[in-house]
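Reading the structure
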Amino acid sequence: SVIILVFLFGENIYISAETIVSTESELNSAISPGATIQVKADIFLSSTVYIIIGINQLTIEGNGSMIDGQRTRQCFLITSNSTVSIYDLIISNGYASEFGGGILLYDISS
């Protein structure tokens, strides 16, 4: 489900979307610039969650939930041109053959 929040500060109006997720598909669909994602259940990944170029001011609120890579995949890949804040989220059992089993911060500038 999506909750739209509207904030008024003086003459300025700010709109923020908050999405509640409990599956991998919902999590991937909710990733967008300026979004706030509320994770409400443990999610066992079948593929890496990609947060790529242009995804800025993304907030993921874990609420104590877990993202689990099942020891077979990387959990998150975040590119260098993205800004993401992750709170109260357990990132568990990520796997990568080289770097970043839980979170890989990937530099796209080179």
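Just above, that's the structure.
Residues numbered from 1 in each chain as written. Predicted model: local features only at pLDDT ≥ 70, side-chain atom pairs only at ≥ 80, totals over all residues. Heavy atoms only, no water.

**Concerning unusual backbone geometry**
- Positive phi, normally seen in glycine, also occurs at Asp88, with a value near 50 degrees.
- Among the residues examined, Asp88 registers a relative accessible area of 54% and is labelled exposed.
- One non-glycine residue, Asn93, lies in positive phi territory at about 55 degrees.
- Exposure remark for Asn93: the relative accessible area of 26% places this residue in the partly exposed category. (Buried < 20%, exposed > 50% of the residue type's maximum accessible area, 1.4 Å probe, protein only.)

**Points about the environment of Asn56**
- Looking at where Asn56 falls in the secondary structure, it is placed in the loop between strand E5 (49–51) and strand E6 (58–61).
- Between the C-alpha atom of Asn56 and that of Val84, which follows or precedes it by 28 residues, the distance is 6.6 Å.
- In contact with Asn56, not counting residues within four places along its chain, are Pro33, Gly34, Asn81, Ser82 and Thr83. (Helix = DSSP H or I, 4+ residues; strand = E, 2+ residues; numbered from the N terminus. Contact = heavy atoms within 4.5 Å.)

**Here's the deal with the nonpolar core**
- By size, the foremost hydrophobic cluster in this structure holds 19 residues, and its most contacted members are Ile37, Ile51, Leu58, Ile60, Ile67 and Phe76.
- When residues of this core are traced back to their parent elements, those giving at least two are helix H1 (24–30), strand E3 (36–39), E5, E6 and strand E8 (76–79).
- Aside from chain neighbours lying at most four places away, what touches Ile60 is Ile37, Val39, Ile51, Phe76, Val84, Ser85, Ile86, Tyr87 and Leu89. (Core = buried A, V, L, I, M, F, W, Y, C linked by side-chain atoms within 4.5 Å.)

**Some thoughts on a nonpolar patch on the surface**
- Among the surface-exposed residues, Tyr50, Ile52 and Ile53 lie close enough to one another that they form a single nonpolar patch of about 330 Å² accessible area.
- For Ile52, the position within the fold is in the loop between E5 and E6. (Patch = residues over 30% accessible without salt bridge, like charges linked within 9 Å, V, L, I, M, F, W, Y side chains within 5 Å. Areas by Shrake-Rupley, 256 points an atom, 1.4 Å probe, with all protein chains shown as cover. Salt bridge = Lys/Arg side-chain N within 4 Å of Asp/Glu carboxyl O.)

**A few points about the environment of Arg71**
- Mapped onto the elements, Arg71 comes out in the loop between strand E7 (66–68) and E8.
- Overall, Arg71 belongs to the exposed group, its relative accessible area being 63%.
- Spatially, the C-alpha atoms of Arg71 and Ser92 are 8.4 Å apart, while their sequence positions differ by 21 residues.
- Ignoring any residue separated from it by four or fewer positions in sequence, one finds Arg71 in contact with Asn93 and Tyr95.

**Structural notes on the pairing of E8**
- A two-sided burial pattern is seen for E8, the buried positions comprising Phe76 and Ile78 on one face and Leu77 and Thr79 on the other.
- Taken together, the 3 bridges between E5 and E8 define a ladder with parallel strand orientation. Note on E8: the bridge partner recorded for Tyr50 is Leu77.
- Note: E8 against strand E11 (residues 103–106), 4 bridges, orientation parallel. Residue pairing in the sheet places Phe76 in a bridge with Ile103 of E11. (Pairing = 2+ DSSP bridges.)

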